[in-house]
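Letter by letter, the chains look like this.
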Amino acid sequence: MPELPEVEALTAFLSERLTGRVVAEVLPVAISALKTYDPPVTALAGRTVGPVVRHGKFLDIGFVATGAADTGSADTGADGLHLVVHLARAGWLRWREQLPTEPPKPGGRNPLALRVRLEGPDGDGFDLTEAGTKKGLAVYVVREAEEVPGVARLGPDPFDPDFDLARFRALLAGERRRIKGVLRDQTVLAGVGNAYSDEVLHVARMSPYKLAADLSEEESARLFEALGSTLREAVERSRGLAAGELKAEKKLGLRVHGRTGQPCPVCGDTVREVSFADSSLQYCPTCQTGGKPLADRRLSRLLK
């Protein structure tokens, strides 16, 4: 699933290629991906792309009436619209230098969900796609980004200039949940998902099972520093990459997530995994849990 660093890089990539361009047509293919109907997605045709911004893991492409001035911020004005996208687990945005001229065919195994073609001789634009059978890609056309429920519920963004250690500690206070779950909760902290929560905890040398409210001042400071450095480094690795290269870069940069059975790059111990119903976490016992493997109840049931 694309998380804050990938969506941040994707925002920069699209800002360079979309801002000031006029949309020729919008072709919805997978109706299940459309979560709003008023305004219709086709209302974006003929509009000029304005600011492209990020809200947590949501991508927000602003549109203004053609001829209107670009505000340079997320505000598109009274008549503006927003195409807000959550890529979910298997969704992605694919930039095309030349889109096919024939209209896409819905149904079957076609991963295409939405096509946006820009005006101009090249016929460039982008496709929103989603692989697999479990569909989670969500596309909204709204007048204000906060009309999207997931955006309205977002907690503070780690890249917000006002997000400091004191604010981070306030978020953790009273949280009787495991720190892994707190970091992933978008209403607490925007943008961090399963992969980067594993990476942050590994950098912080902290067990994913530790209760958030039990963190000492030294531990919370260490975790705050690991959060910022991990996300900033991931963004820097992705800076300047084409949209199609971001997924591969994410995998290459991960140290423990998705690397079960491989040696920890810090200490050489074997990276372990704990599996859940629909996800898993990875960690290094030596770096994070005092050398003790965490209990994996699903694995225990299989061995009975």
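This is a predicted model, so every value here is computed, not measured.

### Points about the confidence of the model for the protein
Per-chain confidence: the protein averages 91 in pLDDT, with 93% of residues scoring 70 or above. Counted against residues more than four places away or in other chains, residues 300-304, with its pLDDT under 50, gives 0 contacts.

### Structural notes on the pattern of salt bridges
Applying the stated criterion across every chain, the model contains 18 salt bridges. The salt bridge involving Asp157 is made with Arg54; its shortest N-O contact spans 2.7 Å. Taken as a pair, Asp157 in the loop between α2 (149-152) and α3 (165-172) and Arg54 in strand β2 (residues 48-55) lie far apart in primary sequence, 103 residues in all. Judged on exposure class, the residue Asp157 and its partner Arg54 are both buried. One network of salt bridges, in which partners are shared, links Glu3, Glu6 and Lys250.

### Some words on the packing of aromatic side chains
Inspection of every chain in the model, using the stated rule, returns 4 aromatic pairs. On the basis of an interplanar angle of 45° and a centroid distance of 5.6 Å, the ring pair of Phe168 and Phe224 is categorised as tilted. Taken together, the residues span a long stretch of sequence, with Phe168 in helix α3 and Phe224 in helix α6 (residues 217-238) at a distance of 56 residues. Following the ring pairs from residue to residue traces out a cluster consisting of Phe163, Phe168 and Phe224. Positioned over the ring face of Tyr209 is Arg178, at 3.8 Å from the centre of the ring.

### A word on helix α5 (residues 194-203)
Burial analysis of α5 places 9 of its 10 residues in the buried class, which makes it a mostly covered element. All of the buried residues in α5 are Asn194, Ala195, Tyr196, Ser197, Asp198, Glu199, Val200, Leu201 and His202. Elements that come into contact with the buried residues of α5 comprise α1 (4-18), α4 (179-184), α6, α7 (246-253), β10 (280-283) and α8 (285-288). Just past α5, the residue Arg205 takes up positive phi, approximately 55°.

### Looking at the nonpolar core
Counting residues in each nonpolar core, the largest one holds 34 residues, and the members touching the most others are Leu14, Leu59, Ile61, Leu83, Phe126 and Leu128. Counting residues in each nonpolar core, the second largest holds 25 residues, with Leu4, Tyr196, Val200 and Leu227 among its members.

### A few points about the sheet that holds β2
Pairing is antiparallel in the open sheet, where 4 strands are placed in the order β2-β3-β4-β8. Looking along the sheet, the strands with just one partner apiece sit at the ends: β2 and β8 (138-142). The average undirected angle you get between the axes of adjacent strands in this sheet is 20°. Inspection of the sheet shows strand β3 (residues 58-64) paired to strand β4 (residues 81-86) by 6 bridges, in the antiparallel sense. Along β4, the bridge assignment pairs Leu59 with Val85. Contacts from α1 reach β2 and β3 within the one sheet, and its direction differs from that of β2 by about 165°.

About the thresholds
- Residues numbered from 1 in each chain as written.
- Predicted model: local features only at pLDDT ≥ 70, side-chain atom pairs only at ≥ 80, totals over all residues.
- Heavy atoms only, no water.
- pLDDT = per-residue confidence, 0-100.
- Contact = heavy atoms within 4.5 Å.
- Salt bridge = Lys/Arg side-chain N within 4 Å of Asp/Glu carboxyl O.
- Helix = DSSP H or I, 4+ residues; strand = E, 2+ residues; numbered from the N terminus.
- Buried < 20%, exposed > 50% of the residue type's maximum accessible area, 1.4 Å probe, protein only.
- Phe/Tyr/Trp six-rings, centres within 6.5 Å; stacked < 30°, edge-to-face > 60°.
- Lys NZ or Arg CZ within 6 Å of the ring centre and 35° of its normal.
- Core = buried A, V, L, I, M, F, W, Y, C linked by side-chain atoms within 4.5 Å.
- Pairing = 2+ DSSP bridges.
- Axes fitted to C-alpha atoms, helices over the stretch in contact; angles between N-to-C directions.

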